[in-house]
Amino acid sequence: MRPLVIANWKANLTTKEASEWLRQGQKLLEEVEKVTIVICPTFVTLPQVASSLKETSLFVGAQNVSPFPHGKYTGEVPVEILDGLVRYCLVGHSERRAYFGETNQLISTKVKLLESYRIKPVVCVENIQQAEELSDQIKTRDLVVAYEPTFAIGTGTPDTPKNAGAVAEKIKHFFGSGTPVLYGGSVTPDNALSFAQVEVLNGTLVGGSSLNPHHFVEIVKAYSKI
Ligand code: PGA
C-alpha cells in the first residue's frame, strides 16, 4: 500500500503564510515519489492551496465538514461546498471531540455525507474502543483511519512505533485488513522513519511539524524510503 502522509495545519497559517509555505515546500514535495501527500489547510486558505496544487500530484483535504447539508446552518461548511475542491476530509479529530463535543454518532453522519460525494474520510480515533464502536456504526470501508492518542498530540511525546503498530493491527481487525491506518501524534523529522518502518502503519497525520514546510518535506521523504 502506498504510504499516505497528511499535513494538518489546524487553526494556523494566514493567507500570506500559506503562500510562503507553498513557495518553500510545494516543488520539493512534488519531487518526492511513492508517497501520497495531502495538505489540510483552514477553510479560508483552502481555495488558495487547492488552486496552487491543481495539476500536481499533491492533494488537498479539509479538516472538518458540516453534519448538515447546505442551507440554513450559519458558520458551517457542508459537503456540497467541498465537492470538487478536496479529495480527503479529516473527521472526528481529537480536538473536535474535546472542544466541539463530537461523538462517534456525529462522526458516522459526516462519513456518510462524504461517502456520497466520494471525498475520502480520514477518521481519527484516540484508542481501540473508539475504533471498535465506529466500525459498528460506519458501513463504508472506503476510508482511512488515523490512530492519534491524546497523550501524543502536540506534546512532543509520541506513542512508540511498536504500540502504534499493535493498535493499527486491532483497527484493521475491526475495519478490514485493506483499510489504511495512519499514526499521528508528535511525529517529527527525527522519529518519522521509525514509524514509516512499521509495516502495518500506512502513513502519518502530522500537526505541528507540518507547519514548517522543510520539516514536513523531511517527514514525507522518510516514507518514500520505505
Ligand atoms: P501533532 O498533531 O503532530 O502536532 O502532535 C497531530 C494531529 O493532531 O493530527
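The structure we're discussing is the one just above.
Quantities reported herein were computed from a predicted structural model and do not represent experimental measurements.

Calculation criteria
- Residues numbered from 1 in each chain as written.
- Predicted model: local features only at pLDDT ≥ 70, side-chain atom pairs only at ≥ 80, totals over all residues.
- Heavy atoms only, no water.
- Core = buried A, V, L, I, M, F, W, Y, C linked by side-chain atoms within 4.5 Å.
- Buried < 20%, exposed > 50% of the residue type's maximum accessible area, 1.4 Å probe, protein only.
- Axes fitted to C-alpha atoms, helices over the stretch in contact; angles between N-to-C directions.
- Helix = DSSP H or I, 4+ residues; strand = E, 2+ residues; numbered from the N terminus.
- Parallel < 35°, antiparallel > 145°, perpendicular 65-115°, else oblique.
- Left-handed = near helix turned anticlockwise from the far one by under 90°.
- Contact = heavy atoms within 4.5 Å.
- Nonpolar A, V, L, I, M, F, W, Y, C, P; charged D, E, K, R; others polar.
- Near = heavy atom within 4 Å.
- Polar contact = N/O pair within 3.5 Å; in protein donor to acceptor, adjacent residues only side chain to side chain.
- Areas by Shrake-Rupley, 256 points an atom, 1.4 Å probe, with all protein chains shown as cover.
- Pairing = 2+ DSSP bridges.
- Salt bridge = Lys/Arg side-chain N within 4 Å of Asp/Glu carboxyl O.
- Phe/Tyr/Trp six-rings, centres within 6.5 Å; stacked < 30°, edge-to-face > 60°.
- Lys, Arg positive; Asp, Glu negative; His and termini not counted.

Caption draft 1: Quick peek at the nonpolar core. Within the largest apolar cluster, 61 residues are counted, with the highest numbers of intra-cluster contacts made by L29, I171 and F216. Counting twelve residues, the second largest nonpolar core, distinct from the first, contains I6, V38, C40 and L205.

Caption draft 2: Geometry of the packing of helix α1 (residues 15-30) against helix α9 (residues 213-224). Two elements in contact, α1 and α9, have axes separated by 9 Å at closest approach and are oriented at 15 degrees. It follows that α1 is roughly parallel to α9 by the angle criterion. The way α1 lies across α9 gives a crossing that is right-handed. Contact with α1, carried on its side by W21, Q24, G25, L28 and L29, involves P213, H214, F216, V217 and V220 of α9 and no other residues of that element. Its residues assigned to classes, the contact of α1 with α9 comprises seven nonpolar, three polar and no charged.

Caption draft 3: Representation of the site of the ligand within the structure. Around the ligand there are 13 residues in total, and K10, H93, G154, S186 and G208 lie nearest to it. For the ligand, an oxygen atom lies 2.7 Å from a polar atom in the backbone of S186. Out of a free accessible area of 280 Å², the ligand has 95% covered by protein chains.

Caption draft 4: Broad picture of the pairing of strand β4 (residues 88-91). Of the two faces of β4, both are covered, the one formed by Y88 and L90 as well as the one formed by C89 and V91. Examined bridge by bridge, strand β3 (residues 59-62) and β4 share two bridges and lie parallel to one another. Residue pairing for β4: G61 is matched across the bridge by Y88. As defined by bridge partners, β4 adjoins strand β5 (residues 120-125) across four bridges and the pair is classed as parallel. Looking across to β5, one finds that L90 is bridged to V122.

Caption draft 5: Layout of the pattern of salt bridges. Tallying each qualifying case throughout the model produces five salt bridges. Between K10 and E95 there is a salt bridge, with its nearest N and O atoms 2.8 Å apart. Placement of K10 in the loop between β1 (4-8) and α1 and of E95 in helix α4 (residues 94-100) is noted, with a sequence separation of 85 residues between them. Assessed through its relative accessible area of 19%, K10 is described here as buried. Relative accessible area serves as the criterion here: at 25%, E95 is assigned to the partly exposed category. In this structure, E102 and R96 form a salt bridge, with 2.9 Å as the shortest nitrogen-oxygen distance. E102 gets classed as buried once you look at its relative accessible area, which sits at 7%. A network of salt bridges, in which partner residues are shared, links R96, E102 and K110.

Caption draft 6: Representation of the packing of aromatic side chains in the model. With the rule as written, the count across this model stands at six aromatic pairs. With 6.0 Å between their ring centres and 55 degrees between their planes, Y147 and Y183 make a pair best called tilted. Residue Y147 is located in strand β6 (residues 144-147), and its partner Y183 is located in strand β7 (residues 181-184); the two are separated by 36 residues in the primary sequence. By relative accessible area, Y183 is classed as buried at 0%.

Caption draft 7: Spotlight on the side chain of K172. With respect to the element layout, K172 can be found in helix α7 (residues 161-175). Buried and unpaired, K172 has E169 as its nearest opposite-charge partner, separated by 8.5 Å. Within the structure, the side chain of K172 is placed 3.1 Å from the backbone oxygen of V200, a separation counted as a polar contact. Of note is the side chain of K172, whose polar atom sits 2.7 Å from the side chain of N202. Once you skip the residues sitting within four places of it in the chain, K172 turns out to touch S177, T179, V181, V200 and N202.

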